[in-house]
Amino acid sequence: MGKFSSDLILWYKENKRDLPWRRTSEVYRVWVSEIILQQTRVNQGINYYLTLTEAFPTVHHLARASEDEVLKLWQGLGYYSRARNMHAAAKYVSQELNGVFPDTFDGLLKLKGIGPYTAAAISSICYNQPHTVVDGNVFRVLTRIYGVETAINTSQGKKQIEELAQSLNDGKAYGDFNQAIMEFGALHCTPQLPACQCCIFSDTCWALQHNKVHLLPVKEKKLQVKKRYLNFIVLFNKEEQTVIQRRNHNDIWRGLYQYPLIETTQVISPQNLLNTDELRELTAQQDIHLISEYSFKHQLTHRRLIINILNIQIPSLAHLTSPQYQLIKTDQVNKYAFPKPLSRIFNETPKHRL
DNA sequence: AAAGCGGGGTG
DNA sequence: CACCCAGCTTT
């Protein structure tokens, strides 16, 4: 075993965190943790892991749940296709594989929501197979220590790090190596302010010796943040009913619920909104009463959302008979999974209704 | 190859 | 504010 892997694994054994999914060897639980941790920090995922594994102790429990139930528990974590894919994969494993997860890299790769990273993680952690993970931590740690200045968001840069990582994972503890390098990136070789003063690799780290730690890894393009203007219409009648709908198109928040939405290409005033054809259709030209309206911004990684909320009292909701609409009591909105910017207004909305 | 998909933490 | 996180899927 090379010096890099032996030093790294030794560091890991002394510094690793006590995390819930490290207390089990069940593939199901490791799988759930890996899906949660895709593009998500450990601290953000822990409570979701505990909640989900308590609600669904086995893959069969998860498979028997409805997609709405799974999404409700996933509410607030983001990247909701993970929850939908995880649920679909659970049904497949439960029904077609008799509840037994595939035990090979290629078999795991066939499950929805499992890509090269997750297949390598599960096969190495659960079965100690010789596959090597390449995630954001691995890119950072290896480009710095080995001085790789190729942009990591190119196929060439990816391939370079994959081969380097694979060659370094040369011991027999493949799963430990993978967890060790990710833990090292998360706790020590961090994106900002890495702890280079007390680093076990300070003697050999290329970036430290060339004073380029903060410049690695190299990324080529920046993402573009586009704006979207979302106007949500909260309708309610004297019986304290309201109407919601499920987002079923291929867009953000797919599978979650929302109040009827009027999306515009630019800022629109509440008064102009009231005059749109879409709103006339929603209200069926009834004598409505605009109780309140307010606006706020919601920042996603690659979108800036400008959100309007219109609270409208309306005599009747009986005209909204299309199957896309669901009439519910206003105190039942908490039963459904809502996007963060909508779930956060639940506690504010009732005040505006008085 | 590039775009789309959330929400939160950090400096 | 910019950048990043135990990435995957679709275009």
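Residues numbered from 1 in each chain as written. Chains lettered and ligands numbered in written order. Predicted model: local features only at pLDDT ≥ 70, side-chain atom pairs only at ≥ 80, totals over all residues. Heavy atoms only, no water.

Our focus in this paragraph is the protein's contact with DNA strand C. The local shell around DNA strand C holds 25 residues, among which Leu37, Arg41, Gly113, Gly115 and Arg140 are the closest. Within 4 Å of the protein, the atoms of DNA strand C are drawn from sugar and phosphate moieties in a proportion of 64%. Gln39 is positioned such that a nitrogen or oxygen atom in its backbone is 2.9 Å from a phosphate oxygen of DNA strand C. Measuring from a phosphate oxygen of DNA strand C, one finds a side-chain N or O atom of Asn137 at 2.9 Å. Broken down by secondary-structure element, the contributors of at least two residues to the surface near DNA strand C are helix 8 (116–127), helix 9 (136–146) and helix 11 (174–187). Classifying every residue of the surface near DNA strand C gives seven nonpolar, nine polar and nine charged. (Near = heavy atom within 4 Å. Polar contact = N/O pair within 3.5 Å; in protein donor to acceptor, adjacent residues only side chain to side chain. Helix = DSSP H or I, 4+ residues; strand = E, 2+ residues; numbered from the N terminus. Nonpolar A, V, L, I, M, F, W, Y, C, P; charged D, E, K, R; others polar.)

Examined at the domain level, chain A breaks down into domain 1 (1–133 + 159–189) and domain 2 (226–347). Spacing between the C-alpha centres of domain 1 and domain 2 amounts to 37 Å. Contact residues are listed per partner, giving eight residues for domain 1 and 13 residues for domain 2. Roughly 880 Å² is buried in total at the junction of domain 1 and domain 2, and carbon and sulfur atoms are behind 49% of that figure. The tally of links from domain 1 across to domain 2 stands at two salt bridges. One salt bridge in this structure joins Asp68 and Arg246, with 3.1 Å as the shortest N-O distance. Our count for the contact surface shared by domain 1 and domain 2 stands at seven residue pairs in polar contact (both at pLDDT 80 or more). Of the residues forming the side of domain 1 that touches domain 2, the biggest block, four residues, is contributed by helix 5 (residues 67–74). Class assignment for the residues of the side of domain 1 that touches domain 2 results in two nonpolar, two polar and four charged. (Domains from an automatic or database assignment. Contact = heavy atoms within 4.5 Å. Buried area = accessible area lost by both parts, 1.4 Å probe. Salt bridge = Lys/Arg side-chain N within 4 Å of Asp/Glu carboxyl O.)

Glancing now at the pattern of salt bridges. Taken as a whole, this structure holds 12 salt bridges when the rule is applied. Arg22 serves as the salt-bridge partner of Glu183, at 3.1 Å between the closest nitrogen and oxygen. Of this pair, Glu183 sits in helix 11 while Arg22 sits in the loop between helix 1 (3–15) and helix 2 (27–36), and the two are 161 residues apart along the sequence. Its relative accessible area of 2% is what places Glu183 among the buried residues. Across the salt bridge formed by Asp251 and Arg228, the nearest N and O atoms sit 2.9 Å from each other. (Buried < 20%, exposed > 50% of the residue type's maximum accessible area, 1.4 Å probe, protein only.)

A word on the packing of helix 9 against helix 11. It is the contact of helix 9 with helix 11, at a shortest axis distance of 8 Å, that shows an interaxial angle of 80°. Here helix 9 is positioned roughly perpendicular relative to helix 11, judged by the angle of their axes. Every residue of helix 11 that contacts helix 9 at Asn137, Val138, Arg140, Val141 and Leu142 is listed here: Ile181, Met182, Phe184, Gly185 and Ala186. Each residue belonging to the contact of helix 9 with helix 11 can be placed in one class, and the counts come to seven nonpolar, two polar and one charged. (Axes fitted to C-alpha atoms, helices over the stretch in contact; angles between N-to-C directions. Parallel < 35°, antiparallel > 145°, perpendicular 65-115°, else oblique.)

Around DNA strand B there are 24 residues in total, and Asp251, Ile252, Trp253, Thr301 and His302 lie nearest to it. The sugar-phosphate backbone supplies 62% of the atoms of DNA strand B found within 4 Å of the protein. At 3.2 Å, a side-chain N or O of Thr40 approaches a base nitrogen of DNA strand B. Here a phosphate oxygen of DNA strand B sits 2.9 Å away from a polar atom, N or O, in the side chain of Ser155. Tallied by class, the residues present in the surface near DNA strand B amount to seven nonpolar, 10 polar and seven charged.

Take the nonpolar core next. Trp31, Leu142 and Tyr259 are the most contacted members of the largest nonpolar core, which has 89 residues in total. The leading source of residues in this core is helix 2, at seven residues. Looking at which domains feed residues into this core, each of domain 1 (1–133 + 159–189) and domain 2 (226–347) supplies at least three. Filtering out sequence-adjacent residues up to four positions away, Tyr259 remains in contact with Phe232, Ile233, Val234, Thr242, Val243, Ile244, Gln245, Val333, Phe338, Leu342, Ile345 and Phe346. (Core = buried A, V, L, I, M, F, W, Y, C linked by side-chain atoms within 4.5 Å.)

So, on to the pairing of strand 2 (residues 241–246). Across five bridges, the pairing between strand 2 and strand 7 (residues 325–329) is antiparallel. Across the sheet, Thr242 pairs through a bridge with Ile328, a residue of strand 7. Two strands pair when backbone bridges link them, and strand 2 and strand 3 (residues 257–258) are joined in this way by two bridges, in the antiparallel orientation. Each bridged residue has a counterpart across the sheet, and for Arg246 the counterpart in strand 3 is Tyr257. (Pairing = 2+ DSSP bridges.)

Next up on the list: the UniProt feature "domain: HhH-GPD" (unreviewed entry) in chain A. UniProt records the feature "domain: HhH-GPD" (unreviewed entry) for residues 36–187 in the present numbering. Along residues 36–187 the backbone is 66% helical and 0% strand, and the end-to-end C-alpha distance reaches 19 Å. (UniProt positions renumbered as here; feature names shortened; annotations may be inferred.)

Now for the packing of helix 1 against helix 11. Axis separation between helix 1 and helix 11 bottoms out at 9 Å; the angle between their running directions is 70°. One way to sum up the angle between helix 1 and helix 11 is to call them roughly perpendicular. Here helix 1 and helix 11 pass one another in a crossing that is left-handed. Along the contact surface, helix 1 presents Phe4, Ser5, Leu8, Ile9, Trp11, Tyr12, Lys13 and Asn15, while helix 11 presents Asp176, Phe177, Gln179, Ala180, Ile181, Glu183, Phe184 and Leu187. Residue classes in the contact of helix 1 with helix 11 are distributed as 10 nonpolar, three polar and three charged. (Left-handed = near helix turned anticlockwise from the far one by under 90°.)

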